[in-house]
Amino acid sequence: MEKEIFYHSRAKIQNYIPIVGRSTIEELMALAGRLSGKVIQNINSTFTGGGVAEILTRMVPLLNQLGVDARWKTIKGSEEFFSVTKKLHNALHGRKEHISSEDFSLFLEVNKKNIEELKFQGDIVFIHDPQPIALIAKKKELGEKWIWRCHIDVSNPDKAVWEFLRDFVIGYDAAVFSAPNYAQELPIRQFMISPSIDPLSDKNRELPSEIIDSVLNKYNLDKSKPIITQISRFDYLKDPVGVIQAFKMVRKSIDCQLVLAGGTATDDPESEKVFEEVKERASDNPDIHILLIPPESDMEINALQRAATIIVQKSIKEGFGLTVTEALWKGKPVVASAVGGIPLQVKNRFTGLLCHSVEGAAYAVKRLLSNPEYARWLGNNGREHIRQNFLLTRHLKDYLLLFISLYYNTDEIYL
Ligand code: UDP
């Protein structure tokens, strides 16, 4: 399958100038010029849903606007194939999964079939995540440059699964991980490139106050009272119950509301249960609002984040934590756990407050509610931190440098 790239190109590269400055865009253009005539072929497993598709949807059209011939294809696979790859995904995160030799065979079979059916066109073939990793077998025939982009934290994987995948990884010219502590020892070049958000997407762009007010009305939220918000899938690892406990401690001394908003996921059988438990825990308190948000509600999430006085992310474990990126970009004071990629974003007492417990979260929220000027200062710093480090334009620059570096035989290239 091939994505029609141009229908998504609403965001023009020039529109980013007011946000990141002209020199950033000129730099991107200069780098892109070095790739003229090269085709970059992205391959992953889906056009919709999940962070990888989200990023490619914005990234590929912008590369095209910069004059880089970037394309995007997906592999095809049966339901059984994707249930195997979901197990591989969980096992890479360190979860115990039973993966049989039939599962591994199916994985290889589907990759082989895709090798036969896919039209490979890239001077650089950019493979995303484990599902299509075994396409690397085609490199022998094509030559070309091959990159594997891993979005998963593989620092503590199930050994057998990692060994299986590693045999493919070492055939690539380079591997990309989101953070140094997510990576593995490998005999090929490794690049550390963190994720990003698009400041012009519906999730993140500025919103007129009428839209924010209409979302507040829809959910019966009181504009005149401080709102503490956590946006997350209903998942134990996001600790919604801990957020409620912290809120109840705060509420004893400060009049405020809590919003816990998120969706349940069809591929996560636990989420319904967590949602029910959270509703139950909140049922005795009219100041707690548990909102079930349908998928594809980007503008609504944006409005809820913008309406918040403080944004909390009290996760027990976290990947990069894009909700934190989104909150900081909106200039919000953030209280978040020091897990996963959060400390890269929340520099304690400079771009937000880190917490390590329910009590710590409650203390931090109270501190911010009673000191709005400090809260505002943190929020402003947070926004600048995201502008400098975690916007799509920085991500584009890292990718362009990565592509260019493949044509140089040096280990002295740092991104
Ligand atoms: N999100 C959403 N709807 C929801 C819950 C979350 O659109 O009901 C978005 C959220 O805004 C963020 C992403 O999903 O962009 C979650 O990414 P994050 O890295 O925070 O956590 P993950 O869900 O990947 O563990």
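Preceding this section is the structure that the text describes.
Residues numbered from 1 in each chain as written. Predicted model: local features only at pLDDT ≥ 70, side-chain atom pairs only at ≥ 80, totals over all residues. Heavy atoms only, no water.

Asks: Can you walk me through the sheet that holds strand β7 (residues 227-231) in this structure?
Replies: Note on sheets: strands pair through backbone hydrogen bonds, and any given pair is parallel or antiparallel. Sheet architecture is open: six strands sit in the order β9-β8-β7-β10-β11-β12, paired in parallel fashion. For this open sheet the edge positions go to β9 (288-292) and β12 (353-355), each flanked by a neighbour on one side alone. The mean inter-strand angle of the sheet, taken between neighbouring strand axes irrespective of direction, is 20°. As paired elements, β7 and strand β10 (residues 310-313) share two bridges and run parallel to each other. Within β10, the position partnered with threonine 229 by the bridge is isoleucine 311. (Pairing = 2+ DSSP bridges. Helix = DSSP H or I, 4+ residues; strand = E, 2+ residues; numbered from the N terminus. Axes fitted to C-alpha atoms, helices over the stretch in contact; angles between N-to-C directions.)

Asks: Any chance you could explain the layout of surface pockets here in plain terms?
Replies: Within this model, the second largest pocket holds a volume of roughly 230 Å³. Every residue along the wall of the second largest pocket is listed here: Thr309, Ile310, Gly331, Lys332, Pro333, Leu368, Leu369, Pro372, Ala375, Arg376 and Asn380. At the level of secondary structure, the elements contributing two or more residues to the lining of the second largest pocket comprise α14 (358-369) and α15 (372-389). Take the lining of the second largest pocket: its biggest share by element is four residues, from α15. Of the residues in the lining of the second largest pocket, the class split is six nonpolar, three polar and two charged. (1 Å grid on protein atoms, 1.4 Å probe; cavity = no way out; pocket = protein on both sides within 12 Å on 5 of 7 lines; lining within 4 Å. Points joined across faces, edges and corners; volume = space filled by probe spheres on them. Nonpolar A, V, L, I, M, F, W, Y, C, P; charged D, E, K, R; others polar.)

Asks: How should helix α5 (residues 101-117) be read in this particular structure?
Replies: Turn by turn, an α-helix covers 3.6 residues, leaving residues three or four places apart pointing in a common direction. With 17 residues, α5 should reach 24 Å at 1.5 Å per residue; the first-to-last C-alpha distance of 25 Å fits that figure. Of the residues making up α5, those classed as buried are Asp103, Phe104, Phe107, Val110, Asn111, Asn114 and Ile115. For α5, the angular spread of buried residues about the axis comes to 145°, placing them on one side. Exposed side of α5, more than 90 degrees from the buried face: Ser101, Glu102, Glu109, Lys112 and Glu116 are the residues found there. Where α5 is buried, its residues touch α4 (79-92) and α7 (159-169). (Expected span 1.5 Å × (residues − 1). Buried < 20%, exposed > 50% of the residue type's maximum accessible area, 1.4 Å probe, protein only. Arc of directions from axis to C-beta. Contact = heavy atoms within 4.5 Å.)

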